[in-house]
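# Chain and residue survey
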Amino acid sequence: MQRPYRVVVAKPGLDGHDRGARVIARALREAGFEVIYTGLHQTPEQIAETVIQEDADAVGLSILSGAHMTLFPRIITELSDRGVGDVLVFAGGIIPEADIPKLAEAGVARIFTPDVIGSNVAFLETITGPAFRTDGSERTYKVDGCQIIVGATAGKIDNIGIVGYSQRCSFPIAQYFAGGYQYPVPNNPTFGDIKRGFGGSYGADCLMSCGNAAAPVVYLSYQGSHADNFNNLEASLSIADEPGLSAYEDWGQKLAAKYGQDYVLAAKFNTNDNLDDVASRDFAPIRPDTIRVGGNLSGPGESDPSQ
Ligand code: B12
């Protein structure tokens, strides 16, 4: 009987970023490979020894420290010196595009850099097909019955999200925010789930006087930290029906009582002081209709009621 293909996933050098390596090790395991994860801080010699001891067919190197041009060729030399130069070497992490051909020449079969945010719209469209709607820098795609919304600058994806929640269409927020949140946020969250998990603050676009053409939009925005991949999160709801309508009316009335009718009529807000506690309570049980993650999220404009 043929034995399963064995892959060593290794973290060379002083790099402490281990999430990518763990994600890949798990994905390979789930795909049926036998995977040995070395843990952090491996020398090239240790990696070559592990490959031999584990009788591996391939080694996947994960690196985000910038030391790939030094460490990868050394690992390949250590493998050849031990007579296992035929083991497949592949890699991933933060590796500038300019280095990829040089590493290929050194013997790295393939390099996999991070996910869809930052990649090319053209690449996305090889999976999704063309956008069915384009509005300025935003494109909307239909994938498996879900609407995916993508914001892009100069052909590169800044942010991605889902429009119109249903049983079928949810958004796996956790994969973009492995860092700081305390409370596990489900894939089909309410505003309350998101606020409890991440924090963030409420804001709104044209809360009371949007004209006939536009519905008011309420946003919950979270600014991602380094540990959250610098991804921001924006959950929003276009207010047309219950239960959003009651929450929005309550918030609007309390804002008007505190800051005056003119402010509420004219303003867009996203400061923390806009009766965030009222919005947090009113919107907690309600699901947003759109969630987006990434950078350059449009959101509500800034406005300070005390000015
Ligand atoms: C989270 C994070 C951290 C966390 C790490 C937590 C952990 N245990 O992993 C913390 C806050 C601790 C941290 C610290 C530091 N960080 Co940091 N960090 C990041 C951040 C924001 C995200 C990395 C991440 O986890 N992504 C999610 C995972 C799933 O993605 P990934 O690792 O890229 O893996 C994917 C692909 O790359 C690929 N992949 C990765 N490995 C492999 C392997 C194989 C075999 C394959 C097939 C594919 C593959 O597949 C994965 C899935 O798509 C990045 C910025 C960024 N946008 O990447 C900076 C980043 C990596 N950090 C950086 C820096 C500078 C640091 C610090 C030096 C900061 C400091 N001055 O202290 C320290 C160093 C820590 C250390 N000991 O090494 C820089 C590195 C710069 C560079 N290389 O040029 C980055 C790029 C930020 C930046 N733009 O400046 N960091």
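Here's a quick rundown of the structure. A quick note: this is a predicted structure, and the numbers were derived from the prediction, not measured. (Residues numbered from 1 in each chain as written. Predicted model: local features only at pLDDT ≥ 70, side-chain atom pairs only at ≥ 80, totals over all residues.)

## Observations concerning the overall build of the protein chain
Broken down by element type, the protein chain carries nine helices and 13 strands. Along the longest, intermediate and shortest principal axes, the C-alpha atoms of the protein chain span 80 × 40 × 35 Å. Here the protein chain holds 307 residues, and the buried ones make up 34% of them. Of the contacts made within the protein chain by residues no fewer than 6 positions apart, 63% connect residues no fewer than 24 positions apart. (Helix = DSSP H or I, 4+ residues; strand = E, 2+ residues; numbered from the N terminus. Buried ≥ 20, exposed ≤ 12 C-beta atoms within 10 Å, placed from the backbone. Contact = placed C-beta atoms within 7 Å.)

## Thoughts on the sheet that holds strand E4 (residues 88-93)
In spatial order, the strands read E2-E1-E3-E4-E5; together these five strands make up an open sheet with parallel pairing. This sheet does not close on itself; its edge strands, each paired only once, are strand E2 (34-37) and strand E5 (110-112). Between one strand and the next, the sheet's axes are offset by a mean angle of 20°, whatever the strand orientation. Bridge count for E4 against E5 is three bridges, and the pairing is parallel. Across the sheet, Gly92 pairs through a bridge with Phe112, a residue of E5. (Pairing = 2+ DSSP bridges. Axes fitted to C-alpha atoms, helices over the stretch in contact; angles between N-to-C directions.)

## So, the pairing of strand E10 (residues 201-205)
Burial of E10 is extensive: four of the five residues sit out of reach of the surface. With five bridges joining them, E10 and strand E11 (residues 217-222) adopt antiparallel strand pairing. Bridged to Asp205 within E11 is Val217.

## Re the site of the ligand
Close to the ligand lie 30 residues, the nearest being Gly16, Gly20, Gly60, Ser62 and Gly92. Secondary structure elements with two or more residues in the shell around the ligand: helix H1 (19-30), strand E3 (58-63) and E4. If one sorts the elements of the shell around the ligand by residue count, H1 sits on top with five residues. The residue makeup of the shell around the ligand, split by class, is 13 nonpolar, 13 polar and four charged. Structurally, the shell around the ligand is a two-domain feature, drawing no fewer than three residues from each of domain 1 (6-112) and domain 2 (164-294). (Near = placed C-beta within 6 Å. Nonpolar A, V, L, I, M, F, W, Y, C, P; charged D, E, K, R; others polar. Domains from an automatic or database assignment.)

## Structural notes on the sheet that holds strand E13 (residues 290-294)
Strand pairing in a sheet is mediated by backbone hydrogen bonds. Such pairs are either parallel or antiparallel. Taken in spatial order, the eight strands make up an open sheet running E6-E7-E8-E9-E13-E12-E11-E10, and their pairing is antiparallel. A strand with exactly one partner marks an edge of an open sheet, and here the two such strands are strand E6 (133-135) and E10. In this sheet, adjacent strand axes meet at a mean angle of 25° when their direction is disregarded. Pairing analysis gives six bridges linking strand E7 (residues 138-143) to strand E8 (residues 146-153), with the strands arranged antiparallel. Along E8, the bridge assignment pairs Arg139 with Val150. Relative to E11, helix H6 (residues 191-198) is tilted by about 25°, and along the sheet it contacts E11 and strand E12 (232-238). Together, E10 and E11 form the strand contacts of helix H9 (residues 276-283), whose direction differs from that of E10 by roughly 90°.

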